[in-house]
Amino acid sequence: MTISQLRLAKDRMKEVIEKFSGELAGIHTGRASTTLVEKIEVESYGQRLPLKAIATINVPEPTQIAIVPWDKGQLVQIEAAIRESDLSVNPTNDGQAVRINFPPMTQERRGELTKLVKKIGEEAKVALRTIRHDLLEEVKKDPAATEDDKFSAIKDFDKLVEEHNLRVDQLVKDKEAQILKV
């Protein structure tokens, strides 16, 4: 196994962790967070732009997000985009800003979200194992690879997967703690 294969494995696994972290950031935890809305796409001057590109987003209270567009003419489009999103919230437009108030979460909803977090975590682990499998197949097909090289590759890839799985587990644990915190 070459150094470049190991580096490729690390880079691809790092991408999986980053994507997983991004997905977790978009899950509502009972507290308002700008990450819940900043990627929502809004129709603006004939093109679709992420909300963070056309407005200032802040959290004035723990259960509220305020979105102040740079062009007040965008308020209606922002409000519509939020309604169409999968957040299941009802934004209000006060003429200056769009505000989203989040009601307190029920225990049932917290339970659903923790299951979702675990499911997404398992999907990330599957992606890590798939990377390991694909790169290991490359090593096994390499005619120049000796049995020692193959054994070493298995050991190195297994270690990488284990390290990244621990990171996924920690991220899941942290997100669950956030969700269950009342």
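Heads up: the structure comes first, above all this text.
Being a predicted model, the structure only gives us computed values, none of them experimental.

(A) Highlighting the overall build of the protein chain. Along the protein chain, the regular secondary structure elements total 4 helices and 6 strands. Start at the N end of the protein chain and walk to the C end: the helices and strands fall as α-β-β-β-β-α-β-β-α-α. Taking 2.2 N^0.38 as the reference for a compact globule, 182 residues should give roughly 16 Å; the C-alpha atoms of the protein chain span a radius of gyration of 22 Å, well beyond that estimate. Considering only C-alpha atoms, the protein chain reaches an extent of 70 × 40 × 20 Å along its principal axes. Counting across all 182 residues of the protein chain, residues that qualify as buried make up 37%. Accessible surface, the protein chain: about 10900 Å² in total, of which carbon and sulfur atoms supply 52%. With 29 positive and 31 negative side-chain charges, the protein chain shows a spacing of 4 Å between the two charge centroids.

(B) Structural context of the nonpolar core. Counting 26 residues, the largest nonpolar core has F20, I27, F157 and V168 as the members making the most contacts within it. Within the residue set of this core, elements represented by two or more residues are α1 (3–25), α3 (107–141) and α4 (147–180). Looking at which element gives the most residues to this core, the answer is α3, with 9 residues. Not counting chain neighbours up to four residues away, the residues in contact with F20 comprise V117, I120, G121, A124, V168, L171 and V172. Residues A32, V42, L51 and V98 belong to the second largest nonpolar core, which totals 20 residues.

(C) Fine view of α1. Given a rise of 1.5 Å per residue, 23 residues ought to cover 33 Å, and the 33 Å separating the end C-alpha atoms of α1 matches this to within 8%. What α1 keeps buried is the set Q5, L6, A9, M13, V16, I17, F20 and L24. Check the buried side of α1 and you find it contacts α3 and α4.

(D) View of the layout of surface pockets. Of the pockets and cavities examined, the largest pocket occupies roughly 700 Å³. In terms of residue class, the lining of the largest pocket is made up of 13 nonpolar, 8 polar and 5 charged.

(E) How the structure looks around the packing of α3 against α4. Closest axis-to-axis distance for the α3/α4 pair is 10 Å, and the angle between their directions is 170°. Overall, the two elements α3 and α4 adopt an arrangement that is roughly antiparallel. For the contact of α3 with α4, a count of residues per class yields 15 nonpolar, 4 polar and 12 charged.

(F) Highlighting the sheet that holds strand β5 (residues 92–93). Strand order in the open sheet formed by 4 strands is β3-β4-β6-β5, with antiparallel pairing between adjacent strands. Looking at the sheet topology across the chains shown, the edges are occupied by β3 (55–61) and β5. When β3 meets strand β4 (residues 64–69), the two strands line up antiparallel, connected through 5 bridges. Bridging from a neighbouring strand, E61 pairs with Q64 of β4. Where helix α2 (residues 75–84) meets the sheet, its contacts fall on β3, β4, β5 and β6 (98–101), and the angle it forms with β6 comes to roughly 25°.

(G) Region of the structure containing the packing of α1 against α3. Where α1 contacts α3, the two axes come as close as 10 Å, and the packing angle between them is 165°. If you check the angle between α1 and α3, you find them roughly antiparallel. Remark: the crossing between α1 and α3 carries right-handed chirality. Between α1 and α3, the contacting residues are Q5, L8, A9, R12, M13, V16, F20, E23 and L24 on the first element and V117, I120, G121, A124, A127, L128, I131, R132, D134, L135, E138 and V139 on the second. Grouping the amino acids of the contact of α1 with α3 by side-chain chemistry returns 14 nonpolar, 2 polar and 5 charged.

Here is what the cut-offs are and how they apply
- Residues numbered from 1 in each chain as written.
- Predicted model: local features only at pLDDT ≥ 70, side-chain atom pairs only at ≥ 80, totals over all residues.
- Heavy atoms only, no water.
- Helix = DSSP H or I, 4+ residues; strand = E, 2+ residues; numbered from the N terminus.
- Rg over C-alpha atoms; globule rule 2.2 N^0.38 Å.
- Buried < 20%, exposed > 50% of the residue type's maximum accessible area, 1.4 Å probe, protein only.
- Areas by Shrake-Rupley, 256 points an atom, 1.4 Å probe, with all protein chains shown as cover.
- Lys, Arg positive; Asp, Glu negative; His and termini not counted.
- Charge placed at Lys NZ, Arg CZ, Asp CG, Glu CD.
- Core = buried A, V, L, I, M, F, W, Y, C linked by side-chain atoms within 4.5 Å.
- Contact = heavy atoms within 4.5 Å.
- Expected span 1.5 Å × (residues − 1).
- 1 Å grid on protein atoms, 1.4 Å probe; cavity = no way out; pocket = protein on both sides within 12 Å on 5 of 7 lines; lining within 4 Å.
- Points joined across faces, edges and corners; volume = space filled by probe spheres on them.
- Nonpolar A, V, L, I, M, F, W, Y, C, P; charged D, E, K, R; others polar.
- Axes fitted to C-alpha atoms, helices over the stretch in contact; angles between N-to-C directions.
- Parallel < 35°, antiparallel > 145°, perpendicular 65-115°, else oblique.
- Pairing = 2+ DSSP bridges.
- Left-handed = near helix turned anticlockwise from the far one by under 90°.

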